[in-house]
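Remarks on the overall topology
This is what each chain is made of:
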Amino acid sequence: MVDLKVGWNKPEENSLIGTAMLRIDGYEKATGAAKYASDANTAGTLYAKVLTCPHGLAKLASIKVQDAEKVPGVEAVHLFANVGDELKWEGALVAAVAATRPEYADDGLRALQAMFEPLEHFVDEADLDGAVKANRTKDNGEKTKGDLAAAFAAAKVVHEGEYGVSTITHMCLEPHGSHCEWTKDGNLVANLSTQNVSGTAGQFAGPLEIEASKVSIICNYIGGGFGSKFAADEWGVAAARMAKQTGKPVRLMLDRATEMKIGGNRPSAFAKIKVGADADGKIIAWESHHWGTDGLTGNTVPIKDLPYVFQPENVQHKATGIITNCGPKRAWRAPNHPQLCALTDTAMDDIARKLGKNSYDVFLANLSQTPRQDVYRAEMEIAARMIDWKAKWHPHGKGGANNGVVRGVGMALHTWPGVAVAASCKVKVNPDGSVESFAGSQDIGTGTRTVIATVLAETFGVEIADVRVHIGNNSYPYSNPSGGSTTVGSVSGANRRAGIAALGQLFDKVAEKYKIDGSKLSAKKKTIWLGDKAVCSWKEATALLGIKPLEVQGESPADDGLTSSGVGGVQMADVSVDTETGKIRVNQLVAVQDCGLVICLETAKSQVYGALIMGIAYALSEERIMDNTTGRFINADLQNYKLPRIGDIGELMVEMYRPESETSRGVIGLGEPPVISTGAAISNAVCNALGVRVSQLPMIPKRVLDALEGARA
């Protein structure tokens, strides 16, 4: 039996991997042929809508459902809360109504007679003193190393500043929800908007008291997840219960306001930081106290990771969580890293400002305190060349103004593990030469189908069109949830292993037929080769299978070089700031990103572009605004929750970097790292332009003008 070595080809040997392949599902998405959970609409579907708590904290005093049940078209009413229950934030679910038409469900909600007893709430995430007085804080730990006092005494310069990153909420284009339907034999079919196809069946089965084997999860396409869609959630189970009760399919997708209040958020982080540096700007002392909220649990970003990436010898941190009546956190694309980077790299830039040094040189002076410093150094050189840093940089606030508009550049850097996790697949080679892959994975924007097809087409020497990828169904072999930038590494490793194993078995048959050494065969250009001599076509080889397809299981990960972990990236921003209006414009944003082996260049760059846009959002406009008086999330809608439009983006420039010394590295996840340092890079560019730090993200015009006024005062 031919035993082929499992591994990746040398880059020069690939015809597909590493090239800019178009997404194989791009046509379906562009034309509307792609069907999402929110598109599921089988005959007789009922439409469910939810009633939520309108207060920051309240007790459900009473609720009567009889009038709602009598509304024409209403067929089910489900209660999430009982009389006497505390509803701990605005948006907490109270009830759901399912009806034959959406407007009838609205009528049913209006007919529900719910009374609330408001209680004292606390929602101010930035007010540490107020939280202490209200007994709403939680000690998140303290950490000390080195001799801080001696380090500050030896420092050439000491800087103290306050910094902050506001909470942002998930804003998936397709909201959370599902379409649930029961079959005649008692099985549940859930079209679920999820990034965890293989892992959510049990989350339905437990509350419904059925076996997980009776739950089918389908998610062919998902309109965004970003870390918020790992669970079936209580609204998913409610849809299944109402479907069971009525004997009809039920679709329950959260409305936009509810989606923003309870669909998850990225916690805030505020800090007082004191930094000491030597004459080159190298940080030798770091002292900080940071605080923030993730809602009721009273936690903030982890103390162990601050300062971010850079590891000076003398450090003292303290962290305090603030307990607020706000919706809960959920993973949000690189959890905690954007906040940590914004706190660290802005303080680093302020050291450069205080020393009057080029920010590039100060970051360079600190690279010895980072992992993989050679990677960062090379990426900095590339990014500086792309943005023309040498020509554009000027001392902070000394660039001159043009009709009140000033311009500046800034930079930041980041890291991310991106390691593959458990995944499996089944690869089928059919006698007609077509190839199929089956995996319970999902595509949340990473191009999962395209990645799998590229890997198998390269492995078998066929074309992308010869490979059909089946994902999005939990009846397929288990795949990990799409989180932590793990999907591409996991599915590519599993499919490469399965493909290599299948190719070895196919070579056995070719070797037997043509009486040749199967261990010396190769497959490329839809042909089986012995050295440089063509033996037979791909289809002639697969015809040797007879009538039975060749099926092979693939597993991931394994220590065979197919996957690796740990990436670094550098970003630089060029911005203009109108000192009269406070408006910031991004002129250019450069990202140089390492991610190991790139399977598909087009999808890899697409991930970076998307991350940069999300970074611009939280840097300039995106934040959750809570009203301290009512406890309400007052901008929970698409009009007032400010996301960037095309005109707000500027020119995005992306370079995928792979060190020559690391060409043997395998595939590493990419979705999350490029969103991390965008906020810090833009903040530093604004500071370079103004000569003044706008201390809190997002840097809305009012905060810019306040910073300028504070500097003048």
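In this text, all values refer to a predicted model and were calculated from it rather than measured experimentally.

Procedures and definitions
- Residues numbered from 1 in each chain as written.
- Predicted model: local features only at pLDDT ≥ 70, side-chain atom pairs only at ≥ 80, totals over all residues.
- Heavy atoms only, no water.
- Pairing = 2+ DSSP bridges.
- Helix = DSSP H or I, 4+ residues; strand = E, 2+ residues; numbered from the N terminus.
- Axes fitted to C-alpha atoms, helices over the stretch in contact; angles between N-to-C directions.
- Contact = heavy atoms within 4.5 Å.
- Parallel < 35°, antiparallel > 145°, perpendicular 65-115°, else oblique.
- Left-handed = near helix turned anticlockwise from the far one by under 90°.
- Nonpolar A, V, L, I, M, F, W, Y, C, P; charged D, E, K, R; others polar.
- Salt bridge = Lys/Arg side-chain N within 4 Å of Asp/Glu carboxyl O.
- Buried < 20%, exposed > 50% of the residue type's maximum accessible area, 1.4 Å probe, protein only.
- Expected span 1.5 Å × (residues − 1).
- Phe/Tyr/Trp six-rings, centres within 6.5 Å; stacked < 30°, edge-to-face > 60°.
- Polar contact = N/O pair within 3.5 Å; in protein donor to acceptor, adjacent residues only side chain to side chain.

What follows deals with the sheet that holds strand β13 (residues 250-253). Read from one edge to the other, the open sheet built from seven strands follows the order β3-β5-β1-β13-β10-β11-β12, with strand pairing classed as mixed. Among the strands making up the open sheet, the edge pair consists of β3 (74-79) and β12 (215-218). Taking the axes of each pair of neighbouring strands and ignoring which way they run, one obtains an average angle of 20 degrees across the sheet. The sheet strands contacting helix α3 (residues 102-111) are β1 (46-52), β3 and β5 (93-99), and the helix crosses β1 at an angle near 30 degrees. Contacts between helix α6 (residues 201-208) and the sheet are confined to β10 (177-182), β11 (188-192) and β12, with β12 contributing the most and set at about 140 degrees to the helix.

Time to look at the sheet that holds strand β30 (residues 696-697). Strand order in the open sheet made by the six strands is β7-β17-β16-β15-β8-β30, with mixed pairing throughout. Of all the strands in the sheet, the pair left with one neighbour each is β7 (137-145) and β30. Two strands pair when backbone bridges link them, and strand β15 (residues 269-277) and strand β16 (residues 283-292) are joined in this way by eight bridges, in the antiparallel orientation. Within β16, the residue paired with K272 across the bridge is H289.

For the rest of this paragraph, the subject is the packing of helix α16 (residues 601-620) against helix α17 (residues 678-690). Where α16 contacts α17, the axes come no closer than 8 Å and their chain directions differ by 55 degrees. In this view, α16 runs oblique relative to α17, as classed from their interaxial angle. As α16 runs across α17, the sense of the crossing is right-handed. Listed contacts from α17 to A611, L612, G615, I616, Y618, A619 and L620 of α16 are T678, G679 and I682. Looking at side-chain class alone, the contact of α16 with α17 contains seven nonpolar, three polar and no charged residues.

Glancing now at the pattern of salt bridges. Where charged atoms from two side chains of opposite charge approach closely, those side chains can pair. On inspection of all chains with the given rule, the structure shows 28 salt bridges. With a closest N to O distance of 3.5 Å, R449 and D25 form a salt bridge. Linking R449 in helix α13 (residues 448-460) with D25 in the segment before α1 (26-31), this pair joins segments that are 424 residues apart in sequence. Exposure class is identical for R449 and D25. Each is buried. Note that R693 is salt-bridged to D350, the shortest N-O span being 3.0 Å. Here the residue R693 occupies a position in the loop between α17 and β30, and D350 occupies one in helix α9 (residues 337-355), the gap between them amounting to 343 residues. Assessed through its relative accessible area of 10%, R693 is described here as buried. Salt bridges sharing partners connect three or more residues here, namely D25, K29, D443 and R449.

This part takes up helix α11 (residues 373-387). The first and last C-alpha atoms of α11 sit 21 Å apart over 15 residues, in line with the 21 Å expected at 1.5 Å per residue. Taken together, the buried positions of α11 are occupied by V375, Y376, A378, E379, M380, I382, A383, A384 and I387. For α11, the secondary structure elements touched by its buried residues are α10 (359-365), α12 (389-392), β19 (405-416), β27 (567-578), β28 (584-594) and β29 (651-657).

On to the packing of aromatic side chains. Summed over the entire model, instances satisfying the criterion amount to six aromatic pairs. Judged by centre distance (6.2 Å) and plane angle (50 degrees), the ring pair of Y360 and W389 falls under tilted. Here W389 lies in helix α12 and Y360 lies in helix α10, a separation of 29 residues in the sequence. Here Y360 and W389 have matching classes, each one buried.

A few words now on the side chain of Q588. Considering the arrangement of structural elements, one finds Q588 in strand β28. A distance of 2.9 Å separates the side chain of Q588 from the side chain of E651, its partner in a polar contact. In contact with Q588, other than residues within four places in its own chain, are I387, K392, M572, A573, D574, E651 and M653.

Bringing the packing of α13 against helix α14 (residues 487-514) into the picture now. Direction vectors running N to C along α13 and α14 enclose 30 degrees, while the axes themselves pass 9 Å from each other. On the basis of their axis angle, the class for α13 and α14 is roughly parallel. Seen from above, α13 lies across α14 with right-handed handedness. Of the residues in α14, those touching α13 at T448, V451, I452, V455, L456, T459 and F460 are T487, V488, V491, S492, N495, R496, G499, I500, A502 and L503. Here the residues of the contact of α13 with α14 are counted per class, giving ten nonpolar, six polar and one charged.

This part takes up the side chain of T603. Following the sequence through the fold, T603 ends up in helix α16. Among the polar contacts listed, one links the side chain of T603 to the backbone oxygen of C600, at a separation of 3.1 Å. Setting aside residues no more than four positions away along its own chain, T603 makes contact with R23, T446, G447 and T450.

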